[in-house]
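Geometric and topological summary
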Amino acid sequence: MKAKSPNAIDVYVGGRLRVRRKVLGLSQGSLAEALGITFQQVQKYEKGMNRIGASRLQRIAEILRVPVGFFFENNAGASPDVEPRRDTDDVTLFMTSKEGVALSKAFLAIEDPNVRQKLLALTRSLGSANPVENHRDSSSQIEPERG
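Residues numbered from 1 in each chain as written. Predicted model: local features only at pLDDT ≥ 70, side-chain atom pairs only at ≥ 80, totals over all residues. Heavy atoms only, no water.

**Observations regarding the pattern of salt bridges**
Our working definition: One side-chain nitrogen of Lys or Arg within 4 Å of one carboxyl oxygen of Asp or Glu is enough to make a salt bridge. Helix numbers and strand numbers start at the N terminus; a helix is a DSSP run of H or I with at least 4 residues, a strand a run of E with at least 2. When a residue's accessible area, from a 1.4 Å probe over protein chains only, is under 20% of the maximum for its type it is buried; when over 50% it is exposed; and in between it is partly exposed.
A complete count under the given rule lists four salt bridges for this structure. Salt-bridge contacts for Arg51 lead to Asp10; the nearest nitrogen and oxygen are separated by 2.9 Å. Of this pair, Arg51 sits in the loop between helix 3 (39-47) and helix 4 (54-63) while Asp10 is found in helix 1 (residues 8-23), placing the two residues 41 residues apart along the sequence. The exposed category is assigned to Arg51, whose relative accessible area is 58%. Here Arg59 ties to Glu62 by a salt bridge, and the two come within 3.3 Å at their closest N and O atoms. One end of the pair, Arg59, and the other, Glu62, are both in helix 4, three residues apart, so they sit about a helical turn from each other. Of the residues examined, Arg59 reaches a relative accessible area of 37% and is grouped as partly exposed. Glu62 gets classed as partly exposed once you look at its relative accessible area, which sits at 45%. Through salt bridges with shared partners, a single ionic network connects Arg18, Arg21 and Glu46.

Encoded structure:
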C-alpha cells in the first residue's frame, strides 16, 4: 500500500508558514505554545502532512502578523493537481535556509533605497556571471571568504 503524499497546496501553505516563522525568529516550539498544540503538529503543518484548518490558519496569521492571504501568495488560483512552480520552490528553499533568513534580515535593515538597489544590481551581476547549474544537489555550505 502506497503512502499518501501531501497535497501540493498544503505543502505550499506550510512552506510559507515556515518562511514567515523563521523570518520572525520564532521556534516551532514557541509557535506551537502560542497555538496550544505540540511542536510536532507545527512540523506536520510546515511539511504539508497535515492540513491547516481555517480557524487555525487565521490564528497563525495573527501570531505571525500577516494577512491570511500571505499563505497563498504566488500560488493564487492553482489547482490542487498542479505542482507549485519550480522558482517558488527555490525561493522557499532559500528563505528557509539560515543564509536566506540572515540575508533577508540584513537587506531589510538597509534603510537607503539607493543602497538596496545597488546591492540588488551587484547580486544579479554576480548571479549571471557565475550561474549555478544545480544548487539543490550541492552539498557545500556557504563559507565566509578567508583572506
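**Description of the nonpolar core**
Keep this limit in mind: The term nonpolar core refers to a set of buried residues drawn from Ala, Val, Leu, Ile, Met, Phe, Trp, Tyr and Cys, joined through side-chain atoms within 4.5 Å. Any two residues having at least one pair of non-hydrogen atoms within 4.5 Å are treated as being in contact.
Formed by 18 residues in total, the largest nonpolar core has its most connected members in Leu17, Leu31, Ile52, Ile60, Leu64 and Phe71. Element by element, the count of residues in this core is highest for helix 4, at four residues. Those residues in contact with Ile52 that lie beyond four places of it in its chain are Val13, Leu17, Tyr45, Leu57 and Ile60.

**Considerations on the packing of helix 2 (residues 28-35) against helix 3**
Axes are the key here: two packed helices are described by the angle between their axes and the distance separating the axes. Quick note on the threshold: To obtain each axis, a line is fitted to C-alpha atoms, and for helices this fit is confined to the stretch in contact; angles are then taken between N-to-C directions over 0 to 180 degrees. Here the word oblique covers every angle except those under 35 degrees (roughly parallel), over 145 (roughly antiparallel) and from 65 to 115 (roughly perpendicular). When residues are grouped by polarity, Ala, Val, Leu, Ile, Met, Phe, Trp, Tyr, Cys and Pro land in nonpolar, Asp, Glu, Lys and Arg in charged, and all others, Gly among them, in polar.
Running from amino to carboxyl end, helix 2 crosses helix 3 at an angle of 105°, the nearest separation of the two axes being 8 Å. When the axes of helix 2 and helix 3 are compared, the pair comes out roughly perpendicular. Facing Gln28, Gly29, Leu31 and Ala32 of helix 2, the residues of helix 3 in contact are Phe39, Val42, Gln43 and Glu46. For the contact of helix 2 with helix 3, a count of residues per class yields four nonpolar, three polar and one charged.

**A short note on the confidence of the model for the protein**
In low-pLDDT segments, the atomic positions of the prediction should not be examined closely. What counts is decided by this rule: Think of pLDDT as the predictor's per-residue confidence, scored from 0 to 100.
Averaged over every residue, the pLDDT of the protein is 79; the share at 70 or more is 74%. In the model, residues 133-147 has pLDDT below 50 throughout and makes seven contacts with residues more than four positions away in sequence or in other chains.

**Considerations on a nonpolar patch on the surface**
So the rule is basically this: What makes a patch is a set of residues exposed beyond 30% relative accessible area and free of salt bridges, joined within 9 Å when like-charged and within 5 Å when nonpolar (Val, Leu, Ile, Met, Phe, Trp, Tyr). For the accessible areas, the method is Shrake-Rupley and the probe is 1.4 Å, while residue cover comes only from the protein chains on display.
Side chains of Leu119, Leu122 and Leu126 sit close together on the surface and give an oily, nonpolar patch of about 260 Å² of accessible area. Note that Leu122 resides in helix 7 (residues 113-129).

**What about the side chain of Arg16?**
Mapped onto the fold, Arg16 is located in helix 1. In this view, Arg16 contacts Phe70, Phe71, Glu73 and Asn74; residues no more than four positions away in its chain are not counted.

**A few points about the environment of Leu120**
Tracing the chain through its elements places Leu120 in helix 7. Under the relative-accessibility criterion, Leu120 is labelled partly exposed at 31%. Put simply, Leu120 and Phe107 are 13 residues apart on the chain and 9.5 Å apart in space, counted from C-alpha to C-alpha.

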